[in-house]
Amino acid sequence: MWVYHPAGIQCEKAYYNNITEAVDDMRSHDIEVFDSFKFSVMVATVCGNPSSDRFATQIRWGDLDRARREGWQFLKDESIIKNNTPVY
């Protein structure tokens, strides 16, 4: 399953500077990560930023509660997953 976390709070605090930091944090909480990617969503322009970065990771269903405790959310939008993962 796919979950996501914002890179930070717009114009304030950064949670993760890059996807590697996001994945490393998941793994530090004993959450196995199978795949990952960064994506952006359009937001109201604040501080000159018209978009906001998000990090997505693919994890086991059994790790969802643990991921949620760390601020990750279920990624419901299948189009984001389809547009950001390679087709094998």
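**Q** Describe the side chain of R54, with residues and values.
**A** Along the chain, R54 falls in strand β3 (residues 49-58). One buried charged residue, R54, remains without a salt bridge, the closest side chain of opposite sign being D53 at 7.5 Å. The residues contacting R54, other than those within four sequence positions of it, are Y4, H5, P6, A7, F37, K38, F39 and V41.

**Q** Go over the pairing of strand β1 (residues 2-6) with me, naming the residues and quoting the values.
**A** Where burial is concerned, most of β1 is hidden: 5 out of the 5 residues are buried. Side chains W2, Y4 and P6 project from β1 onto one buried face, and the interleaved V3 and H5 project onto a second face that is buried too. Bridge count for β1 against strand β4 (residues 73-74) is 2 bridges, and the pairing is antiparallel. Paired with Y4 across the bridge in β4 is Q73.

**Q** Before we move on, can you summarise the side chain of T57 with the specific residues and values?
**A** Here T57 is to be found in strand β3. Residue classification places T57 among the buried positions, given a relative accessible area of 0%. Those residues in contact with T57 that sit more than four places away from it in its chain are M1, W2, V3, V23, M26, V33, D35, S36 and W72.

**Q** An account of the nonpolar core is needed here, citing residue identities and associated values.
**A** Note on soluble globular proteins: their nonpolar side chains tend to be buried together. V3, M26, F55, I59, A67 and W72 are the most contacted members of the largest nonpolar core, which totals 14 residues. Of all the secondary-structure elements, those providing two or more residues to this core are α1 (19-28) and α2 (64-69). At 3 residues, α1 tops the list of elements feeding residues into this core. Excluding anything up to four places from it in sequence, A67 contacts M26, I31, I59 and W72. With 8 residues, the next largest nonpolar core counts Y4, F39, L75 and I81 among its residues.

What counts and what doesn't
- Residues numbered from 1 in each chain as written.
- Predicted model: local features only at pLDDT ≥ 70, side-chain atom pairs only at ≥ 80, totals over all residues.
- Heavy atoms only, no water.
- Helix = DSSP H or I, 4+ residues; strand = E, 2+ residues; numbered from the N terminus.
- Buried < 20%, exposed > 50% of the residue type's maximum accessible area, 1.4 Å probe, protein only.
- Lys, Arg positive; Asp, Glu negative; His and termini not counted.
- Salt bridge = Lys/Arg side-chain N within 4 Å of Asp/Glu carboxyl O.
- Contact = heavy atoms within 4.5 Å.
- Pairing = 2+ DSSP bridges.
- Core = buried A, V, L, I, M, F, W, Y, C linked by side-chain atoms within 4.5 Å.

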